[in-house]
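Observations on chain architecture
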Amino acid sequence: MGKPLKESFSELKAFHSLVRKLSEIAPEALAEKVVKENQQGLLKYTREPVGVAAIFSPWNYPVLTCANMLITSVLAGNSVVIKHSPYTPIIGKHFEEAFKFAGVENIVRELMIMHTDAVKLYQLPEIGFVGFTGSTEVGRNVHDELADHRFIDYTLELGGNDAAYIAEDADIELAAKETMFGAFYNAGQSCNGIERIYVHHSIYDDFLNKAIKYALTYEVGDPLKEGTTLGPLTLPDLPEAIKQKVEDSAGQGGRIIIGGLPCTDSEGKGRFFEPTIIADAQNDMSMMVKNKFNILLEKYRCLKLLDQLLV
Amino acid sequence: MNTIVKECYESHKSWEKVPLGKQIFIQKLTLKDERIKVVKKAAEYFLKVFSLSYY
């Protein structure tokens, strides 16, 4: 999906840590817990598998987001069907093969179905859990569709519009460096990426200058090259959609400090978007609030806003 | 879709009886009989494809 190599390996390392940690805590987490035992009886908690877990995984962190629910479900004694994003379908197949290699058949299976068939999947009596990672809008649909048909457990890991606040006494250099990292990691295509930054007025200009310095260090290019730190946008229509949002912001009083346009790599290839900072944003600007009519921008826009918080 | 889900459900019925690990289930087990061991082995294979080692 275009993630730079360094970030891809970071995701795999995180997957490794996840498996180790979950394996470590599983015996205690899944053990029976006796709450009360006396002559009248025994009260205890037991953790029992629910059958087949249906996991819907997105493309932005194709390994980690899938593994979060996959590993926990399997350790708990469930089998799993994975409906992975059509942009990263090979990951589901790869997990299936990994478990087959480990000696178990039909414990993890990839499922290639259309989104529209998901409702039929929920209705199968063998499905005892649904795990969905993706946009808030689709998550709401999953919630409604499940409630319409069955009462089974589900977990929704949805997109956000995350903000950071830089306080008056912050280490400005460090704050600028880390917030730019949080904003531009995975080209901003992260559900927990920083999308808005509120800065105390006394350090606003200083922070802005340092943020510009760090934003300009990002190297746009081929994600398979070692030096690339900002990869392409995964979905084809994102560059133009983001450009439109930037123009809207400018029309509403935002100041485009750097970037603001789709771009290519040095060889004229790929669909990228320049690292972009818009200053003097206001809370009522369309870019600052969730846009219910464009789920792509809500979750995956790569430009970040700076706002002056008067306190 | 229905067939795959049914196959998974059938497998789950035997999988849930596989002990999680030796830590809490005191009985004679082979390593591959433990759920934790299977998960680690699957992760090992998964990472190996990317030239990374689990251990």
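Quick caveat, the model's predicted, so the values are computed rather than measured.

Procedures and definitions
- Residues numbered from 1 in each chain as written.
- Chains lettered and ligands numbered in written order.
- Predicted model: local features only at pLDDT ≥ 70, side-chain atom pairs only at ≥ 80, totals over all residues.
- Helix = DSSP H or I, 4+ residues; strand = E, 2+ residues; numbered from the N terminus.
- Buried ≥ 20, exposed ≤ 12 C-beta atoms within 10 Å, placed from the backbone.
- Contact = placed C-beta atoms within 7 Å.
- Nonpolar A, V, L, I, M, F, W, Y, C, P; charged D, E, K, R; others polar.
- Core = buried A, V, L, I, M, F, W, Y, C linked by C-beta atoms within 7 Å.
- Domains from an automatic or database assignment.
- Pairing = 2+ DSSP bridges.
- Right-handed = clockwise from strand over helix to strand, strands pointing away.
- Axes fitted to C-alpha atoms, helices over the stretch in contact; angles between N-to-C directions.
- Parallel < 35°, antiparallel > 145°, perpendicular 65-115°, else oblique.

Some details on unusual backbone geometry
If you check the backbone angles, Asn-106 of chain A has positive phi at about 60° while not being a glycine. Structurally, Asn-106 of chain A can be placed in the loop between helix 3 (90–101) and strand 5 (108–110). Positive phi outside glycine occurs at Ser-51 of chain B, with the angle close to 60°. Mapped onto the elements, Ser-51 of chain B comes out in the segment after helix 2 (35–48). Look at Ser-51 of chain B and you get exposed, because 8 C-beta atoms sit within 10 Å.

Some thoughts on the interface of chain A and chain B
Every contact between the two is made by 37 residues of chain A and, on the other side, 32 residues of chain B. Looking at the side of chain A that touches chain B, the elements with two or more residues in it are helix 1 (5–30), helix 2 (64–75), strand 4 (79–84) and helix 3 of chain A. Top element by residues in the side of chain A that touches chain B is helix 1 of chain A. It accounts for seven residues. Its residues assigned to classes, the side of chain A that touches chain B shows 24 nonpolar, nine polar and four charged.

What about the environment of Asn-106 of chain A?
On the basis of neighbour count, Asn-106 of chain A is assigned to the buried category, with 23 C-beta atoms found within 10 Å. Measuring from C-alpha to C-alpha, the distance between Asn-106 of chain A and Cys-191 of chain A comes to 31 Å, with 85 residues separating the pair along the chain.

Considering the nonpolar core
Val-52, Ile-55, Leu-70, Val-80, Ile-82 and Phe-95 of chain A together with Val-39 of chain B are the most contacted members of the largest nonpolar core, which has 49 residues in total. If we ignore the near neighbours within four places in the chain, the residues touching Leu-70 of chain A are Ile-55, Val-80, Ile-82, Phe-95 and Val-108 of chain A. By size, the runner-up hydrophobic cluster in this structure holds 28 residues, among which are Ala-176, Met-180, Phe-273 and Met-287 of chain A.

With respect to the domain arrangement of chain A
Residues and elements named next belong to chain A. Taken domain by domain, chain A consists of domain 1 (5–158) and domain 2 (162–309). One C-alpha centre belongs to domain 1, the other to domain 2; they are set 32 Å apart. On the domain 2 side, the residues contacting the nine residues of domain 1 number twelve residues. Secondary-structure elements contributing two or more residues to the side of domain 1 that touches domain 2 are helix 1 and helix 5 (136–149). Residue composition of the side of domain 1 that touches domain 2, grouped by class: four nonpolar, three polar and two charged.

Brief notes about the pairing of strand 6 (residues 127–134) of chain A
All names here are of chain A. When you tally the buried positions in strand 6, you get eight out of eight residues, the bulk of the element. Sheet analysis places strand 3 (residues 52–57) next to strand 6, joined by five bridges and oriented parallel. Each residue of the ladder has a partner; that of Val-52, found in strand 6, is Ile-127. The pairing of strand 6 with strand 7 (residues 153–158) spans six bridges and is classified as parallel. Following the sheet pairing, Val-130 is matched in strand 7 by Tyr-154. With helix 5 bridging strand 6 and its parallel neighbour strand 7, the resulting β-α-β unit is right-handed.

As for the packing of helix 2 of chain A against helix 2 of chain B
The N-to-C vectors of helix 2 of chain A and helix 2 of chain B enclose an angle of 150°; their axes lie 9 Å apart at closest approach. Here helix 2 of chain B runs roughly antiparallel to helix 2 of chain A, going by the angle between their axes. Along its contact with helix 2 of chain A, which presents Ile-71, Val-74 and Leu-75 of chain A, the element helix 2 of chain B presents Arg-35, Ile-36 and Val-39 of chain B.

Quick word on the sheet that holds strand 5 of chain A
All names here are of chain A. Reading across the sheet, the five strands line up as 5-4-3-6-7 and stay open at both edges, with parallel pairing between neighbours. Where the open sheet ends on each side, the last strands, each with one partner, are strand 5 and strand 7. Strand-to-strand twist in this sheet, taken as the mean axis angle between neighbours without regard to direction, amounts to 15°. Of the strands in this sheet, strand 3, strand 4, strand 5, strand 6 and strand 7 are in contact with helix 2, which crosses strand 3 at around 170°. Against the sheet, helix 3 touches strand 4 and strand 5, its axis set at about 150° to strand 5.

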